[in-house]
Amino acid sequence: KGIYVRTAANCTGIYLADETDIIPVYYTADFVPEDYMVGEELIFEGQVTLDFTNKGTHPGYKRLANATLISHDSTVHEWNTDLVDGEKTISDMASLTDENVKDIYIVRGKVKTITTPYYSNKSLNDVDDEDKYLALYCSSAAQLAWLDEYEGVEHLYYVIIRDKNNSEFRFEILDLAD
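Residues numbered from 1 in each chain as written. Predicted model: local features only at pLDDT ≥ 70, side-chain atom pairs only at ≥ 80, totals over all residues. Heavy atoms only, no water.

A. View of the pairing of strand S2 (residues 13-17). Within S2, five of the five residues are buried, leaving the element largely enclosed by the surrounding structure. Across the two faces of S2 the burial is the same, with Gly13, Tyr15 and Ala17 and Ile14 and Leu16 all buried. Examined bridge by bridge, strand S1 (residues 2-8) and S2 share five bridges and lie antiparallel to one another. Its bridge partner lying in S2, arginine 6 is registered against tyrosine 15. Count of turn residues in the S1/S2 antiparallel hairpin: four residues, of which asparagine 10 carries a positive phi of about 65°. Connecting the antiparallel pair S2 and strand S3 (residues 22-27) is a turn made up of four residues. (Buried < 20%, exposed > 50% of the residue type's maximum accessible area, 1.4 Å probe, protein only. Helix = DSSP H or I, 4+ residues; strand = E, 2+ residues; numbered from the N terminus. Pairing = 2+ DSSP bridges.)

Here it is, written out as structure tokens:
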């Protein structure tokens, strides 16, 4: 049970937050996230799973797998921003450790879309040094279309460290923080 925060990138999942934690919910085919508004309270039933626990793979997070929606409250609520672990610069994010997986930080930056003949992606770039950025986790920039209206504009964002793949952390923007 929690507040619908954002659709998770590159999977059939959403983020739910309650008073104590934020958790990715990997839902079954009968749930359509577009039928619900960010901020609605959703109640799911499923199996709690720890991702990426196989030998030789990367640290991940606890998630709810094979989740079925049980009920929802269509009243829109704010998610619990007390779950945020503080503010960091993009340079600060270079000093993360495996223990930071699933932490949420407020990060100042500008969204940028990267398009090549082979792929597209989005990054959160440092406002003072465009060479410093966080690559946002997605299979293509189209998955993060909600960020298009913020392209090139400085904002504070709630950024979650989704997981770590080999030596690289993967980041997702949950929401605007300003």
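The discussion continues.
B. Focus on the nonpolar core. One finds Met93, Leu124, Tyr157, Val159 and Phe171 to be the most contacted residues of the largest nonpolar core, which totals 23 residues. Of all elements in the fold, only strand S7 (104-115), strand S10 (154-165) and strand S11 (168-176) reach the threshold of two or more residues within this core. It is S11 that provides the largest number of residues to this core, a total of four residues. Not counting chain neighbours up to four residues away, the residues in contact with tyrosine 157 comprise Tyr105, Ile106, Val107, Gly109, Val111, Leu124, Leu147, Tyr150, Ile173, Asp175, Leu176 and Ala177. The next biggest cluster of nonpolar side chains, apart from the first, holds 15 residues, and it includes Val5, Ile22, Ile104 and Ile106. (Core = buried A, V, L, I, M, F, W, Y, C linked by side-chain atoms within 4.5 Å. Contact = heavy atoms within 4.5 Å.)

C. The arrangement of unusual backbone geometry in detail. For asparagine 10, which is not glycine, the phi torsion reads 65° and is therefore positive. Relative to the helices and strands, asparagine 10 is located in the loop between S1 and S2. Positioned with a positive phi, lysine 102 is a non-glycine residue whose angle comes to about 80°. For lysine 102, a relative accessible area of 17% puts it in the buried group.

D. Quick look at the pairing of S10. Burial analysis of S10 places ten of its twelve residues in the buried class, the great majority of the element. In the sheet, S10 pairs with S11 via eight bridges, with the strands oriented antiparallel. Within the sheet, the bridge partner assigned to tyrosine 158 lies in S11 and is aspartate 175. Taking the residues that link successive antiparallel strands as the turn, the S10-S11 hairpin has two residues, and the phi of asparagine 166 there is positive, at about 60°.

All we've got here are geometric facts, nothing functional implied.
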